[in-house]
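Structure assessment
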Amino acid sequence: MFLSMNWISDYVDLSGLDKLDLIHRFSLSTAEVENEIFMKGQDLSGVVVAEIKSVEAHPESEKLHLLKVDIGEAEPVDVVCGAPNVRVGMKTAFAKVGAQIGEITIAPRKLAGYTSNGMCCSEKEIGISDDNSGIMDITDDLPNGTDLKDAYAIDDIVFEVDNKSLTNRPDLWGHYGIAREFAALANRPLKPLDTVDLHAYDNLPKVDMKIEDPLCLRYSCLQVENIHTAVSPVNMRIRLYYCGMRAINFLADLTNYLMLEMGQPMHAFDSRKVEKIRVKRFPEPFTFQTLDGVERNIDENTLMICNDNTPVAIAGIMGGLDSEIVEDTTTLTLESATFDAASVRKSTVRLAHRTDASQRYEKCLDPEMTVPAIARFVKLLTDTDKGARVVSALTDEYARRYEAVTLKFDRAFIDRYTGISIDTETIVKTLLSLGFGVTEQNGEFTVDVPSWRATKDVTIKADIVEEITRIYGYDNFAVHTATAPLYPVRTAQEKTVENKMKDILVKRFALHEVHSYIWAYYDEYKALGIPVEENIKLINATNPNIETIRKTIVPTQLCQVRSNANYAADFGIFEIGRTVDGVDENNLCREYKKLAITLFSKTKSTESLYFELASMLSNLAGDIKHKTLRFEAIEPTHVYEHPRNLNAVLCDGTALGVIGTVHPTVLKKIDKKASVVFAEIDVRAFSELESNGIHYSEPSRFPEMEVDLSFVSDTYAPIGKAIAAANCDWIRKTAVVDTYRDAAGKSITTRLTFANPERTLTREEVMQVVDSIIADLAKDGVALKQ
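Okay, so let's go over this structure.

Parameters and conventions
Residues numbered from 1 in each chain as written. Predicted model: local features only at pLDDT ≥ 70, side-chain atom pairs only at ≥ 80, totals over all residues. Heavy atoms only, no water. Helix = DSSP H or I, 4+ residues; strand = E, 2+ residues; numbered from the N terminus. Rg over C-alpha atoms; globule rule 2.2 N^0.38 Å. Buried < 20%, exposed > 50% of the residue type's maximum accessible area, 1.4 Å probe, protein only. Contact = heavy atoms within 4.5 Å. Core = buried A, V, L, I, M, F, W, Y, C linked by side-chain atoms within 4.5 Å. Pairing = 2+ DSSP bridges. Axes fitted to C-alpha atoms, helices over the stretch in contact; angles between N-to-C directions. Salt bridge = Lys/Arg side-chain N within 4 Å of Asp/Glu carboxyl O. Phe/Tyr/Trp six-rings, centres within 6.5 Å; stacked < 30°, edge-to-face > 60°. Parallel < 35°, antiparallel > 145°, perpendicular 65-115°, else oblique. Left-handed = near helix turned anticlockwise from the far one by under 90°. Expected span 1.5 Å × (residues − 1).

For the chain, the count of helices and strands is 20 helices and 37 strands. Here the C-alpha atoms of the chain give a radius of gyration of 39 Å, more than 25% beyond the 28 Å that 2.2 N^0.38 yields for 786 residues. The buried share of the chain, reckoned over its 786 residues, is 48%. Here the contacts in the chain between residues at least 6 apart in sequence split such that 69% fall between residues at least 24 apart.

Encoded structure:
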């Protein structure tokens, strides 16, 4: 939000103070100010009010005109101008020879054979609006030669406040609320708003208005007629432009001006089209065309402003096209209302349409502000358009009020929270300057929170401490070292396991750790031919990419692999992240923490890459839990999984996750010449496995004996099962040392290491065990390779 120091200075006298320093203090105490501060008008000089005395057509150009312009000097100056709106008697902004406009210095210049001694300027060229349709048309009675910066408030300091820092401060969404903060910081009084007394119209008939829905807290309205001013005053247009809004017409500009000044959105209806105001919702959905010409779908939860039963505006968001102020509008019905903040926020999300008005309503505006805003509007209107006449009494329905907030505390409470001693006078003066009601007796404070801070901001005693200390200045606190006991905290088992997993995967296997969001990104999944699976969705999501929460991390990693496939021939990534799989019996998300690993290679076969990944998982289980893993073939449940090369990862009968290769159709979209394998492990299930611990045994003093056996088998599972079934204590180690595929099929070479701690084993004893394993496998159709 852009803020004007000129506007703020209307309500607090800042003369003699360093305004840039005040802005810095405001940033420290109240809301974050963006880095760049705009010094408006600083690069403008030598521009004066001038009157066009004659206009002649250029003999060689259809667009150019030859002018004589009175700039308040002895003789008129000759000027060549191409603006379409030039006319005799028109007063405009004129840049004299030597004038400065931004980085341009005006000098005599020949245009189409004629010398132009200066330039007639548009409002855009002098930086006070975005209107570049013609030269500036000055309608005010100003002497020729008057410096434009003396005539209008062009010089200004404009700064931008981060909207996020105002979320809990609905009172700061207008200049008057900001001025209150500057008054407190500068220790200067805050001037009251200049308004009219609305009670003067109590004898007039009221507007036919009724609130029919509790989502409207308060609705105030008034009718005014005989309005003939169409264009806003220059200073009003300048302030709107400096604060990021464009001028439209006088009535629209005036409602925007009040919104920026007081933070209260207002809307002006053409009274010819709005006779009976009703605030309500409709039982059935329908379409409604808003001021921007867009047809919007209105559901049964959206609050509407109606002319009897005909919708004319979306409450708190935008008016309708059929009731807008047009060129011949002379009578208006003015709306100043407060709506339920949550309702407005939800409606903006459903409609995918957030406006300056809805931004303010979403912050819980003060309902007490609706009537003062109307009084201020009437004052500004009648000051500008002397013929405007109020033709109704103020019609005001207050349906729901916020509870008044009163807080009591003692001086010790303040001292305990701040850690310093702030005198009573300073406490009282600070709170009074911010609009709080304060009474103090014997160190006991009773504070009445003003309505504009009681909607959701100041609710507890600690909030009062914050108000006092931020104005006092956090930089005024004495810096000292706090003394507090420090107790060691044992890291949770699951977190310890996570850290060990990361260390092993990075240090031993040189994998890259990645981080991703929990969304199943529709566009990225679609590029791989992976559908987004039905799961928990975000209600009223405006983007399908952030609508559905993922069930598994693997598709996310496949998308990441696809994005990086051209940067390296071989790489691996892993992530420990969150997934969700539906809801439980309490309607809460079933959330899981998963370890996902994906390996990509253009140089290795899918088979070797698969075994490399299986080895990584075995290393994790062996190093962290000192256990061995088992792999069992399972049927695929996701589109990206290969129909045959998919295995469950098991340990002690507990299913930990899956390991597999990518489906060929998905692989083709990543890189048809590459190999891609993946694994996904449930971190909690893994961490809850009971560790076998590290067991030390004395090395055998007798020699070991190694036997290599090559079996014709597609998988290792039956081999491992047969070795386990042998139940032989002499088998100290088992390892797969090679795989080979030829015309006879795939063979797996397994190395068995035998040892006895008490004696040397004979070859006959070892071969007896080996023969039993071979015979056991033969029963299952697994033969020894010949």
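A word on the nonpolar core. Counting 116 residues, the largest nonpolar core has Phe159, Phe182, Leu198, Tyr219, Ile305 and Phe339 as its most contacted members. Residue contacts for Phe182: discarding those within four places in its chain leaves Met5, Ile8, Val12, Leu22, Ile23, Phe26 and Phe159. Within the second largest apolar cluster, 31 residues are counted, among which are Leu609, Leu613, Ala614 and Ala621.

Attention now goes to the sheet that holds strand β2 (residues 33-40). One open sheet holds the three strands; their spatial order is β1-β11-β2, and the pairing between them is antiparallel. Strand pairing shows two members of the sheet lacking a second neighbour, β1 (2-4) and β2, which therefore form its edges. Strand after strand, the sheet turns through a mean of 25 degrees between neighbouring axes, direction not considered.

Turning next to the sheet that holds strand β25 (residues 437-441). The antiparallel open sheet is built from three strands, whose spatial order is β24-β26-β25. The sheet is open, and its two borders are formed by β24 (406-410) and β25, each paired with just one other strand. Neighbour to neighbour, the strand axes of the sheet diverge by 15 degrees on average, direction disregarded. Judged from the five bridges that link them, β24 and strand β26 (residues 444-448) form a sheet pairing that is antiparallel. Within the sheet, the bridge partner assigned to Asp410 lies in β26 and is Glu444. Helix α10 (residues 411-418) contacts β24 and β26 of the sheet and is inclined by roughly 80 degrees relative to β24. Against the sheet, helix α12 (residues 461-472) makes contact with β24 and β26, and its axis sits at roughly 75 degrees relative to β24, the strand it touches most.

Okay, the pattern of salt bridges next. Evaluated as defined, the whole model comprises 49 salt bridges. In this structure, Arg278 engages Asp208 in a salt bridge whose closest nitrogen and oxygen atoms are separated by 3.1 Å. On the criterion of sequence distance, the pair formed by Arg278 in strand β15 (residues 276-280) and Asp208 in strand β12 (residues 208-211) is long-range, its members being 70 residues apart. Here Asp457 makes a salt bridge to Arg453, at a shortest N to O gap of 2.6 Å. Arg453 sits in the buried class, given a relative accessible area of 1%. Through salt bridges that share partners, Arg169, Asp171, Glu181, Arg453, Asp457, Glu467 and Arg470 make up one connected network.

Before going further, it helps to spend a moment on the environment of Met318. Relative to the helices and strands, Met318 is located in strand β20 (residues 318-319). Between the C-alpha atoms of Met318 and Asp780, which are 462 residues apart in sequence, the distance is 76 Å. With near-sequence residues (within four places) excluded, Met318 lies in contact with Thr290, Leu291, Asp292, Ala313, His353 and Thr355.

Looking now at the packing of aromatic side chains. The relative placement of two aromatic rings is captured by the distance of their centres and the angle of their planes. Scanning the model with the defined rule gives 17 aromatic pairs in all. Aromatic pair Tyr472 and Phe477: ring centres 6.0 Å apart, planes at 75 degrees, arrangement edge-to-face. Overall, Tyr472 belongs to the partly exposed group, its relative accessible area being 29%. Ring centres of Tyr640 and Phe678 lie 5.5 Å apart, and the angle between their planes is 75 degrees; this geometry places the pair in the edge-to-face category. Of the two residues, Tyr640 is situated in the loop between β30 (630-633) and β31 (641-651) and Phe678 in strand β33 (residues 675-682); the sequence distance between them amounts to 38 residues. According to the relative accessible area criterion, Phe678 is buried, its value standing at 0%.

Let's shift gears to the packing of helix α5 (residues 234-242) against helix α6 (residues 250-262). Packing of α5 against α6 leaves a shortest axis separation of 10 Å and a crossing angle of 55 degrees. In this view, α5 runs oblique relative to α6, as classed from their interaxial angle. In the crossing of α5 with α6, the sense of the turn from one axis to the other is left-handed. On the side of α5, the interface is formed by Met236, Arg239 and Leu240, while α6 contributes Asp253, Leu254, Asn256, Tyr257 and Leu260.

A few words on α6. Taking 1.5 Å of rise per residue, the 13 residues of α6 would be expected to cover 18 Å, and the 18 Å separating its terminal C-alpha atoms lies within 8% of that figure. Among the 13 residues that make up α6, twelve are buried, leaving the element largely enclosed by the rest of the structure. Every buried residue of α6 is accounted for by Phe250, Leu251, Asp253, Leu254, Thr255, Asn256, Tyr257, Leu258, Met259, Leu260, Glu261 and Met262. Residue Gly263 follows α6 closely and has a positive phi angle near 80 degrees.

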